[in-house]
Amino acid sequence: MSMGTHSTPTTLDAFTVPAHRSAADNCVKILGAGEGVPTASLDNRQTEPIVVPWLRVLHLVNGEHFAGAERVQSHLGRCLPKLGVKADFACIKPGQFANAVDDAGGTWGTAYRFPMRSRFDISILRQLVRLVKSNEYGLLHAHTPRSAMVASLVSRQCGIPWIYHVHSPAARDSSKRFSNWLNANVERWSLKNCSHLITVSESLRRELLECGNEPSRVTVVHNGVPSIRYQRQRYPSVGGRWQFGMVALMRPRKGLEVALEAISILRGSGYDAHLRCIGPFETDDYQRKIESQIEALRIRPFVEQTGFKRDIPQTLSQLDSMLLPSLYGEGLPMVVLEAMASALPVIATRVEGTPEAIRDGMDGLLAEPGSAESLALRMREMIDGTVDWQHMGESAFERHAEHFSDQAMSAGIADVYRLVTKVVSQQV
């Protein structure tokens, strides 16, 4: 059964969407080590009844990984129905995300698979147009340069608006210069008929404005994650063994090489520092490069590689601090927000949107990008007790609840949807 696409519009008072929930509004469940993570929202408060007809939105995503941007999409699929929005996903590079949507049993929406044979393969357009029309989607929401190209073309054929979600700067998303150049130009061409842009950080919004986009066309909606906090089985001790961890799709811009050098520096100074690498490698070549570095630094016994983990909150509860030594290309990292929601202190770098979440010395520590010495210094402050580990974790936890919940993010996205549908209805 298809649902109607008309929705009663609301307006935005400002183009930076504020947090829609206060800390008191967020209901947090502390989970024991044996409990599974619920797929439903942990927000148990009574929500206001939905009095508007459903708006059906089709998200166009790559879908080969289940990393930061894909976690944003999963939370939107889960939370938007409370706000009168039904979200589904068209995966043009089907993989881990499409499988995760299937595994969620419909609670995140439906995943459709339209594999592209190459970057510019548009043979999937006919099927996508048929899907949009048969399911009566009223809006498209793209998340990558490739999916933006597809959304732009489908929008022209179906006559419905589309929104672009900027998760990271396309021109600085990887270490491959040609790929960055190509993605940035594909993105720029595609946005010519885009109705509205959403950025995950103020820094990305400023960048888009500098490129000539009208302020009224760009809205900041900070990323958000649910409040899932597992009960810890152990706590770190000053001067003792410290388990640091990195959670990421391991690729050059994440700075894993810097983290390994920092571990080597600390071990050489007598600190019992260990690193757990959580997440897959983007390529086999990069994994081989990292393996060679581990051998050269002689830190093999102190580095653990676990690969992909579905239950990130439980994984974080087993760490003493999370590292994100990114070199560039971050919008607002989801894993930083997940660590904050777990009351786990973060040591990250001063890269683009990250300082919008982490206040240095309050909710975590910030190091200089590309500097193993700077990162090791901040890690040493944690081990030595120079900073209050528990106070920092609780401050991060409270800041997450106030500003970066999944409910606040979804409400901000829904506001943009209604703004766009109002503008379109006025033009008809």
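Conventions used here
- Residues numbered from 1 in each chain as written.
- Predicted model: local features only at pLDDT ≥ 70, side-chain atom pairs only at ≥ 80, totals over all residues.
- Heavy atoms only, no water.
- Helix = DSSP H or I, 4+ residues; strand = E, 2+ residues; numbered from the N terminus.
- Expected span 1.5 Å × (residues − 1).
- Buried < 20%, exposed > 50% of the residue type's maximum accessible area, 1.4 Å probe, protein only.
- Contact = heavy atoms within 4.5 Å.
- Polar contact = N/O pair within 3.5 Å; in protein donor to acceptor, adjacent residues only side chain to side chain.
- Phe/Tyr/Trp six-rings, centres within 6.5 Å; stacked < 30°, edge-to-face > 60°.
- Lys NZ or Arg CZ within 6 Å of the ring centre and 35° of its normal.
- Pairing = 2+ DSSP bridges.
- Axes fitted to C-alpha atoms, helices over the stretch in contact; angles between N-to-C directions.
- Parallel < 35°, antiparallel > 145°, perpendicular 65-115°, else oblique.
- Left-handed = near helix turned anticlockwise from the far one by under 90°.
- Salt bridge = Lys/Arg side-chain N within 4 Å of Asp/Glu carboxyl O.

**Some words on helix α13 (residues 389-403)**
Part 1 of the reasoning: A rise of 1.5 Å per residue sets the reference length of α13, with its 15 residues, at 21 Å; its end C-alpha atoms lie 21 Å apart and thus fit the reference within 8%.
Part 2 of the reasoning: Listed as buried for α13 are Trp-389, Met-392, Gly-393, Ser-395, Ala-396, Phe-397, Arg-399, His-400 and Ala-401.
Part 3 of the reasoning: Turning to α13, the residues buried within the fold contact β9 (228-230), β10 (242-247), α10 (334-341), α11 (354-357), β15 (364-367) and α12 (372-384).
Part 4 of the reasoning: N-capping of α13 is provided by Asp-388, with a side-chain oxygen placed 3.2 Å from the backbone N of Gln-390.

**Quick look at the packing of aromatic side chains**
Part 1 of the reasoning: Counted by the stated rule, this structure contains 8 aromatic pairs.
Part 2 of the reasoning: With a centroid separation of 5.9 Å and 55 degrees between ring planes, the pair formed by Phe-281 and Tyr-286 is classed as tilted.
Part 3 of the reasoning: Look at Tyr-286 and you get buried, because its relative accessible area is 5%.
Part 4 of the reasoning: Here Arg-232 stacks its cationic end above the ring of Tyr-235, 5.7 Å away from the centre of that ring.
Part 5 of the reasoning: Looking at Arg-267, its charged tip hangs above the ring of Phe-302, at a distance of 3.5 Å from the centre.

**Topic: the sheet that holds strand β3 (residues 85-91)**
Part 1 of the reasoning: With parallel pairing, the 7 strands of this open sheet are ordered in space as β4-β3-β2-β5-β6-β7-β8. The sheet is open, and its two edges are formed by β4 (111-113) and β8 (218-220), each paired on a single side. Strand-to-strand twist across the sheet, computed as the mean angle between neighbouring axes with direction ignored, equals 25 degrees.
Part 2 of the reasoning: Each of β6 (162-166), β7 (196-199) and β8 is contacted by helix α6 (residues 202-210), which is oriented at about 170 degrees to β8, the strand it contacts most.

**Concerning the packing of helix α7 (residues 256-268) against α12**
Helix-helix packing is described using two parameters, namely the angle between the two axes and the distance between the axes.
Part 1 of the reasoning: Contact geometry for α7 and α12: axes closest at 8 Å, N-to-C directions at 55 degrees. The pairing of α7 with α12 is recorded here as oblique in orientation. Of the two elements, α7 crosses α12, and the hand of that crossing is right-handed. The residues of α12 that touch α7, namely those facing Val-258, Ala-259, Glu-261, Ala-262, Ile-263, Ile-265 and Leu-266, are Ala-372, Glu-373, Leu-375, Ala-376, Met-379, Arg-380 and Ile-383.

**Observations concerning the sheet that holds β10**
Part 1 of the reasoning: The strand order β12-β11-β10-β13-β14-β15 describes an open sheet built from 6 strands, whose pairing is parallel. Across the chains shown, the open sheet's two edge strands, defined by having one partner strand only, are β12 (303-307) and β15. Strand-to-strand twist across the sheet, computed as the mean angle between neighbouring axes with direction ignored, equals 25 degrees.
Part 2 of the reasoning: Across the sheet, α10 is in contact with β10, β13 (321-324) and β14 (346-349); its angle to β13 comes to roughly 165 degrees.

**Here we look at the pattern of salt bridges**
Part 1 of the reasoning: Inspection of every chain in the model, using the stated rule, returns 25 salt bridges.
Part 2 of the reasoning: A salt bridge links Lys-86 to Asp-88; its shortest N-O distance comes to 2.6 Å.
Part 3 of the reasoning: Put simply, Arg-267 and Asp-272 hold a salt bridge, and the shortest N to O gap is 2.8 Å.
Part 4 of the reasoning: Classification of Arg-267 as partly exposed rests on a relative accessible area of 24%.
Part 5 of the reasoning: Residue classification places Asp-272 among the partly exposed residues on the basis of a relative accessible area of 29%.
Part 6 of the reasoning: Each of Arg-350, Asp-360, Glu-368, Arg-378 and Glu-381 takes part in one network of salt bridges that share partners.

**Description of the environment of Ile-358**
Part 1 of the reasoning: Tracing the sequence through the fold places Ile-358 in the loop between α11 and β15.
Part 2 of the reasoning: Residue Ile-358 is classed as buried on the basis of its relative accessible area of 1%.
Part 3 of the reasoning: C-alpha separation for the pair Ile-358 and Ala-396, spaced 38 residues apart in sequence, amounts to 7.7 Å.
Part 4 of the reasoning: Apart from the residues lying within four places of it in its own chain, the contact partners of Ile-358 are Val-336, Met-340, Val-346, Asp-363, Gly-364, Leu-365 and Leu-366.

Everything listed here is a matter of coordinates, which is why it stays silent on function.
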